[in-house]
Structures are given as structure tokens and as C-alpha cells.
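Residue-level structure breakdown
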Amino acid sequence: MIADKNPIQPLIAGNWKMHGRRADGAALAAELVRQARRSGRAELRCELVICPPATLLTALADIVADSPVRLGAQDCHHLPSGAHTGDISAAMLADAGCRYVIVGHSERRTQHGESDDRVRAKAEAAHAAGLIAIVCLGETEAQRAGGEALAVVERQFRASLPVATAAANTVVAYEPVWAIGTGKVPTTAEIAAVHAQLRTLARERVASGERLRLLYGGSVKPGNAAEILALANVNGALVGGASLDAGDFWAIARSCP
Ligand code: PGA
């Protein structure tokens, strides 16, 4: 086989969720910037993104400026502006220094009742603001037990991605709900099966779908990252708990093949 001369650059994104105050958030970001600046391309083979709470975005934008570390947000509103108390638009996130925004995380889908249609509208809003949307999908434990995992993921992929989805404006993160924050991880065969299906769907439905980055998320840790990141069609990871520790997050980033 001829080696791909232009392989997909993996993406390791840290989802800090509702964790972090100014002092510890700044220290974590600064430590990652320090590590990233020190390491050469041979060591840091991935793109590194941190998604802190919205309160920290502008402060951390200054810390990561001109470094290999990029900034992302955890959610955005689906409209550009208006009377939406407490919400933040994608354009505001771009203005705060973000390049990425997570949409459709299962915690948003469950705790805020976000449907596939709403997730798609948010991804469209992200695109309109020039942000790269990290669109999350994944089955529940009951759906997996019922043999529906592939069907659920396919349905969410079809319904949650905008028509204008392309490898340059979107990343898809497969996050089985039962693996998030639980320490439970699907087998590598299970992850590979879902990612193979996502690649087929991407080729069918997405411009440059062959190059669409497909992340795995759910209890990724330094101890399992290398095995997961080496799987075909896994182009990085969305990391929750382990992204709050600079050493762990860096170890995961270094596990990229
Ligand atoms: P976890 O979270 O790594 O703590 O399981 C992943 C996520 O929610 O993105």
C-alpha cells in the first residue's frame, strides 16, 4: 500500500466541562502551552484544543495566543444574537478567541433536551461564525445492550450534521454515553466498528469525507489512549476528566500515532 503523503492530523480536545476558576484554568493552559512550545513536531503530532468554561475563554485566549494550543467552547446558541438570557452565540465565541466549539455533547442533549435538529442548527451557527464544530453523538447503555448502537449513531450522524459539513469545518466525536465519566470503555473492536461506519457515512454525505476527523471520547486516559488512537478511522480523542490534569492530557496527546 502506498503511504498517505498527507495524513489527517489528529485532534486531541479537552472538555473541561463545569470545572475551573481563573487561577487553576490559567495554570493548566500555561503548562500545556509550555509543553507544546518545548516539544518538536516529532513529539506533538496532533492539534491540541482546550475547551474551558465560557468564563475563562478570554483570559485563556491571551495565554494560548501564538502557541500550538487552540481554544474551543463547550456549546453555543443556534442564533446569532437576540433576547436569549444566559446564552452565548457562536460569533461571540469567535470574538473571544475560539477556533472550535463542541455541539451536541450528550450532557447537553440529556440535561438540556437538545434534539438532533437543534444540534444541527448549532453546528450551522458555528460554521456561519467561522468556527469548527465538534459534533458529538453516541448511544446509551440500553441502546448498546439492545444491539442498536450502529443504528443510533447513523441516525444521529444523518440528523445532526449540516448539509454544508466538510472536513475543514466539522469534527465528529463518537462518545458512547455509558463511557463518559464512568471508566468504562468499549472494546477496540466496538470502537473500530462504529468508526468504520462513520467513515462510510462521511464518504457518502460529507464534502471531503475521507478526511473528516472522527474522534473517540469516553474515559480516555493515558493508559488506554495509544491503543484507541492507533485504530483505523480514529483521528483523535475528546477527553473529559483526564483533560483537567496537564500531565495526563499531555500524555494522551503524545500517544497519537
Ligand atoms: P470523560 O468525558 O473523558 O471524562 O469520560 C468525555 C466527554 O464527556 O467528552
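No experiment lies behind these values; they were computed from the predicted model shown.

1. Focus: the pattern of salt bridges
In this structure the tally under the stated criterion is 16 salt bridges. One salt bridge connects Arg-109 with Asp-116, and the closest N-O pair in it is separated by 2.5 Å. A relative accessible area of 14% means that Arg-109 is categorised as buried. Given the relative accessible area of 19%, Asp-116 is considered buried. Note that Lys-122 and Glu-114 form a salt bridge whose closest N and O atoms lie 2.7 Å from each other. This pair shows no difference in class: Lys-122 is buried, exactly as Glu-114 is. Among the ionic contacts, a cluster of salt bridges with common partners joins Asp-75, Arg-108, Glu-114 and Lys-122.

2. With respect to the sheet that holds strand E3 (residues 69–73)
As summarised here, the arrangement of the eight strands in space is E1-E2-E3-E4-E5-E6-E7-E8, forming a closed barrel in which the pairing is parallel. Neighbour to neighbour, the strand axes of the sheet diverge by 25° on average, direction disregarded. Pairing geometry for E3 and strand E4 (residues 100–103), over two bridges, is parallel. When the sheet's bridge partners are listed, Ala-73 is paired in E4 with Val-101. Contacts from helix H8 (residues 188–205) reach strand E5 (132–137), strand E6 (170–174) and strand E7 (213–217), with the element oriented near 155° to E7.

3. Regarding the packing of helix H9 (residues 222–229) against helix H10 (residues 246–254)
Axis separation between H9 and H10 bottoms out at 8 Å; the angle between their running directions is 20°. With respect to H10, the element H9 is oriented roughly parallel. Every pair of crossing elements has a handedness; the one defined by H9 and H10 is right-handed. Between H9 and H10, the residues in contact are Pro-222, Ala-225 and Leu-229 and Asp-248, Ala-251 and Ile-252, respectively. When the residues that make up the contact of H9 with H10 are grouped by side-chain class, the tally is five nonpolar, no polar and one charged.

4. What to know about the site of the ligand
Lining the immediate environment of the ligand, one finds 13 residues, of which Lys-17, His-105, Glu-175, Gly-181 and Ser-219 sit closest. Between an oxygen atom of the ligand and a main-chain N or O atom of Gly-181, the distance comes to 2.6 Å. At a separation of 2.8 Å, an oxygen atom of the ligand approaches a polar backbone atom of Gly-240. Against a free-state accessible area of 280 Å², the protein chains account for coverage of 97% of the ligand. Residues belonging to the shell around the ligand are distributed by class as follows: four nonpolar, seven polar and two charged.

5. Focus on the pairing of strand E8 (residues 236–239)
Covered by surrounding structure in E8 are Gly-236 and Leu-238 together with Ala-237 and Val-239, the residues of both alternating faces. Across four bridges, the pairing between strand E1 (residues 11–15) and E8 is parallel. Residue pairing across strands places Gly-14 opposite Val-239, the latter belonging to E8. Direction of pairing for E7 relative to E8: parallel, over a ladder of two bridges. Bridging across to E8, Gly-217 finds its partner in Leu-238. Handedness of the crossover joining E7 and E8 through H9: right-handed.

Conventions adopted
Residues numbered from 1 in each chain as written. Predicted model: local features only at pLDDT ≥ 70, side-chain atom pairs only at ≥ 80, totals over all residues. Heavy atoms only, no water. Salt bridge = Lys/Arg side-chain N within 4 Å of Asp/Glu carboxyl O. Buried < 20%, exposed > 50% of the residue type's maximum accessible area, 1.4 Å probe, protein only. Pairing = 2+ DSSP bridges. Helix = DSSP H or I, 4+ residues; strand = E, 2+ residues; numbered from the N terminus. Axes fitted to C-alpha atoms, helices over the stretch in contact; angles between N-to-C directions. Contact = heavy atoms within 4.5 Å. Parallel < 35°, antiparallel > 145°, perpendicular 65-115°, else oblique. Left-handed = near helix turned anticlockwise from the far one by under 90°. Nonpolar A, V, L, I, M, F, W, Y, C, P; charged D, E, K, R; others polar. Near = heavy atom within 4 Å. Polar contact = N/O pair within 3.5 Å; in protein donor to acceptor, adjacent residues only side chain to side chain. Areas by Shrake-Rupley, 256 points an atom, 1.4 Å probe, with all protein chains shown as cover. Right-handed = clockwise from strand over helix to strand, strands pointing away.

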